Amino acid sequence: MTIRINLCFSSNYSSLKTLSIDGHFTFDDVHHAAKDFGNRFQLLPFAVLHPRSVSDIATTIKHIWQMGPHSQLTVAARGHGHSLQGQAQAHRGVVINMGSLQGPKMHVHSGNYSYVDVSGGELWINILHESLKYGLAPKSWTDYLHLTVGGTLSNAGISGQAFRYGPQISNVYQLEVVTGKGEVVNCSENQNGDLFHSVLGGLGQFGIITRARISLEPAPDMVKWIKVLYSDFTTFTRDQELLIYAESTFDYIEGFVIINRTGLLNNWRWDNRTSAVIPEEDIFYLVAFLSSAVPSSTGTDGLEHILNQNRRILEFCGTARLGFKQYLPHYTTQEEWQAHFGPQWEVFVQRKSAYDPLAILAPGQRIFQKAIPFS
Ligand SMILES: Cc1cc2nc3c(=O)[nH]c(=O)nc-3n(C[C@H](O)[C@H](O)[C@H](O)COP(=O)(O)OP(=O)(O)OC[C@H]3O[C@@H](n4cnc5c(N)ncnc54)[C@H](O)[C@@H]3O)c2cc1C
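Residues numbered from 1 in each chain as written. Predicted model: local features only at pLDDT ≥ 70, side-chain atom pairs only at ≥ 80, totals over all residues. Heavy atoms only, no water.

Per the domain assignment, the segments of the protein are domain 1 (2-101 + 350-365), domain 2 (107-218) and domain 3 (233-319). Centre-to-centre separation of domain 2 and domain 3, based on C-alpha positions: 23 Å. Listed as interface residues are 22 residues of domain 2 and, on the opposing side, 22 residues of domain 3. Of the roughly 1800 Å² buried at the junction of domain 2 and domain 3 (both faces included), carbon and sulfur atoms supply 51%. The largest per-residue losses of area from domain 2 upon contact with domain 3 belong to Phe163, Arg164 and His197, which jointly make up 40% of the total buried on that side. As a salt-bridge pair, arginine 273 and glutamate 189 come within 3.1 Å of each other at their nearest N and O atoms. On the surface where domain 2 and domain 3 come into contact, there are nine residue pairs in polar contact (both at pLDDT 80 or more). Residue assignment for the side of domain 2 that touches domain 3 shows that the elements contributing at least two residues are helix 5 (162-165) and helix 6 (193-199). (Domains from an automatic or database assignment. Contact = heavy atoms within 4.5 Å. Buried area = accessible area lost by both parts, 1.4 Å probe. Salt bridge = Lys/Arg side-chain N within 4 Å of Asp/Glu carboxyl O. Polar contact = N/O pair within 3.5 Å; in protein donor to acceptor, adjacent residues only side chain to side chain. Helix = DSSP H or I, 4+ residues; strand = E, 2+ residues; numbered from the N terminus.)

Within this structure's numbering, the places UniProt gives as "domain: FAD-binding PCMH-type" (unreviewed entry) are residues 41-219. The distance separating the terminal C-alpha atoms of residues 41-219 is 39 Å; by composition the span is 22% helix and 27% strand. (UniProt positions renumbered as here; feature names shortened; annotations may be inferred.)

Time to look at the environment of serine 198. The residue serine 198 is located in helix 6 in this model. For serine 198, a relative accessible area of 0% gives the class buried. C-alpha of serine 198 to C-alpha of cysteine 187: the two residues are eleven residues apart in sequence and 10 Å apart in space. The contacts of serine 198, once residues within four sequence positions are left out, are Phe206, Ser275, Arg351 and Tyr355. (Buried < 20%, exposed > 50% of the residue type's maximum accessible area, 1.4 Å probe, protein only.)

Taken together, the side chains of Phe37, Leu84, Tyr327 and Leu328 present a nonpolar region at the surface, about 380 Å² in accessible area. With respect to the secondary-structure elements, leucine 84 resides in the loop between strand 3 (75-78) and strand 4 (94-97). (Patch = residues over 30% accessible without salt bridge, like charges linked within 9 Å, V, L, I, M, F, W, Y side chains within 5 Å. Areas by Shrake-Rupley, 256 points an atom, 1.4 Å probe, with all protein chains shown as cover.)

This paragraph deals with helix 8 (residues 302-319). Structurally, the α-helix is built with 3.6 residues per turn, so residues lying three or four positions apart point the same way. Here helix 8 spans 26 Å end to end across 18 residues, near enough to the 26 Å set by a 1.5 Å rise per residue. Those residues of helix 8 that sit buried are Gly302, Ile306, Leu307 and Cys317. Taken end-on, helix 8 shows its buried residues confined to a sector of 135°, consistent with a single buried face. Pointing more than 90 degrees away from the buried face of helix 8 are the exposed residues Arg312, Phe316 and Thr319. Arginine 321 occupies a position one or two residues after helix 8 and carries a positive phi of about 55°. (Expected span 1.5 Å × (residues − 1). Arc of directions from axis to C-beta.)

Turning our attention to the sheet that holds strand 1 (residues 24-26). Spatial strand order, 1-2-4-3: four strands in an open sheet with mixed pairing. Whereas interior strands pair on both sides, the edge strands pair on one side only; in this sheet they are strand 1 and strand 3. For this sheet, the mean angle separating the axes of adjacent strands, direction not counted, is 25°. By the bridge criterion, four bridges tie strand 3 to strand 4 in an arrangement that is parallel. Within the sheet, the bridge partner assigned to valine 75 lies in strand 4 and is valine 94. (Pairing = 2+ DSSP bridges. Axes fitted to C-alpha atoms, helices over the stretch in contact; angles between N-to-C directions.)

Looking now at the site of the ligand. In the neighbourhood of the ligand, 31 residues make up the surrounding shell, with Ala77, Gly79, His82, Ser83 and Thr148 lying closest. Interatomic distance of 3.0 Å between a backbone N/O atom of histidine 80 and an oxygen atom of the ligand. Isoleucine 209 is positioned such that a nitrogen or oxygen atom in its backbone is 2.8 Å from a nitrogen atom of the ligand. When contributions to the shell around the ligand are tallied by element, the ones reaching two or more residues are strand 3, helix 4 (149-153) and strand 10 (207-218). Residues that form the shell around the ligand fall into these classes: eleven nonpolar, 18 polar and two charged. (Near = heavy atom within 4 Å. Nonpolar A, V, L, I, M, F, W, Y, C, P; charged D, E, K, R; others polar.)

Okay, the packing of aromatic side chains next. Using the criterion set out here, one finds 16 aromatic pairs in the structure. Relative to phenylalanine 368, the ring of tryptophan 345 has its centre 5.8 Å away and its plane inclined at 15°; by these criteria the two rings are stacked. Of this pair, tryptophan 345 sits in helix 10 (residues 345-355) while phenylalanine 368 sits in the segment after helix 10, and the two are 23 residues apart along the sequence. Both residues of the pair, tryptophan 345 and phenylalanine 368, belong to the buried class. Stacked on the ring of phenylalanine 41, the Lys or Arg arginine 366 has its end atom at 4.5 Å from the ring centre. (Phe/Tyr/Trp six-rings, centres within 6.5 Å; stacked < 30°, edge-to-face > 60°. Lys NZ or Arg CZ within 6 Å of the ring centre and 35° of its normal.)

Before going further, it helps to spend a moment on helix 3 (residues 124-132). Taken together, the buried positions of helix 3 are Trp124, Ile125, Ile127, Leu128, Glu130 and Ser131. Buried positions along helix 3 lie against strand 5 (107-109), strand 6 (115-119), strand 7 (136-138), helix 4 and strand 10.

Attention now moves to the environment of arginine 273. Among the secondary structure elements, arginine 273 is positioned in the loop between strand 12 (260-266) and strand 13 (283-288). Arginine 273 sits 40 residues away from isoleucine 313 along the chain, and the two C-alpha atoms are 29 Å apart. At 3.1 Å, the side chain of arginine 273 and the side chain of glutamate 189 are in polar contact. Side-chain polar atoms of arginine 273 contact the side chain of aspartate 271, separated by 2.9 Å.

Tracing the backbone through its elements, the reader meets glutamine 87 in the loop between strand 3 and strand 4. The class of glutamine 87 is buried, set by a relative accessible area of 11%. Setting aside residues no more than four positions away along its own chain, glutamine 87 makes contact with Asp36, Leu328, Pro329, Gly364 and Gln365.

As defined by bridge partners, strand 2 (residues 47-50) adjoins strand 4 across three bridges and the pair is classed as parallel. By the bridge assignment, alanine 47 is partnered in strand 4 with valine 94.

Spelled out as structure tokens, the structure:
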């Protein structure tokens with residue numbers, strides 16, 4: 001058994017080593033790629049690719065695709081590693097450090113139809129700084145900006161503007177994607193539309209986003225920020241719902257509940273062709289419990305306690321038959337994933353077999369296993 005693993009190791013090593021790329025692989029110093037923000041999963045990759053060009057990514061994936069289903073190698077793009085459950089990790093696979101991808105410089109196009117062309121590994125904070133030089137800014141944000149374009153577009157990218165502009169995945173004009181077969185494809189609504197919609201909210205399953213064209217609007221010079229305190233929850237939700245329906249109100253609406261926080265979303269400008277799934281109701285809330293696990297002096301495992309609370313909340317929603325979806329979903333069985341996607345599961349599987357038939361990409365999401373046929 002040991003000999004087989006060693007043989008596998010040495011053949012993977014020599015085959016990756018001989019690839020002709022502009023960047024480089026590291027094989028020893030890979031521990032960083034086995035960590036993420038959640039600090040719960042540590043899956044050591046076989047190698048880390050530091051690409052300098054899109055072609056480095058395409059060459060690597062094509063090579064692994066050509067090795068066929070018998071090679072265990074998988075590939076995960078790592079944006080800023082702010083996943084909570086190992087989603088950007090690849091156990092004994094190749095992790096792509098998207099931050100080292102170099103391409104054409106970030107390019108802001110101003111005019112009636114303003115946009116910025118960025119690398120998939122770019123941080124939103126850098127996009128803000130660059131676009132502000134032109135008096136422009138992206139329309140839809142996340143609250144925290146040290147996240148990458150590829151990382152948030154693989155989920156949805158949501159914040160207090162989503163009720164008006166849609167999530168970030170509704171504010172993208174064009175993508176460059178490397179599929180699970182190593183093909184580099186440009187896509188948009190009108191060009192390779194199915195791949196475009198698959199990748200948006202696609203949990204990294206259908207391709208690596210190497211470039212994106214993000215929609216911009218004039219940045220306001222000043223903002224008015226109004227805080228209102230409620231003691232009655234029903235009045236609070238009634239007012240929030242009034243504000244999101246009314247024209248010419250606010251651009252950003254968010255609510256805080258004592259130490260926790262909720263924000264309101266509705267399905268305004270939500271595009272059902274993307275891979276992201278939402279509850280079926282007309283209006284739904286994003287409820288985020290922003291807690292951190294601090295080691296307790298009593299010796300109780302703080303993290304386990306929080307995870308248990310999360311489980312109980314989800315169980316309650318299930319028992320009370322409340323329509324809900326997990327954002328940044330994490331499941332361990334394919335049955336659970338099937339239930340998460342509901343009627344969209346079939347389309348998700350079809351898209352996987354079209355764009356990544358060997359299930360090489362984003363193994364850390366634990367949706368498909370390499371070389372196990374989809375059902
Ligand atoms: C402190 C904090 C604040 C947050 N705030 C918000 C918020 O306000 N709104 C919100 O919507 N989310 C928020 N998130 C969640 C965040 O959007 C996701 O965790 C996101 O995936 C993190 O981006 P990242 O660049 O770190 O991605 P990573 O963790 O590196 O990757 C996430 C997933 O995307 C895949 N991926 C990464 N890059 C690419 C690419 N270029 N192409 C294809 N797939 C790729 C990875 O393989 C992995 O499966 C927050 C998370 C944290 C930790």
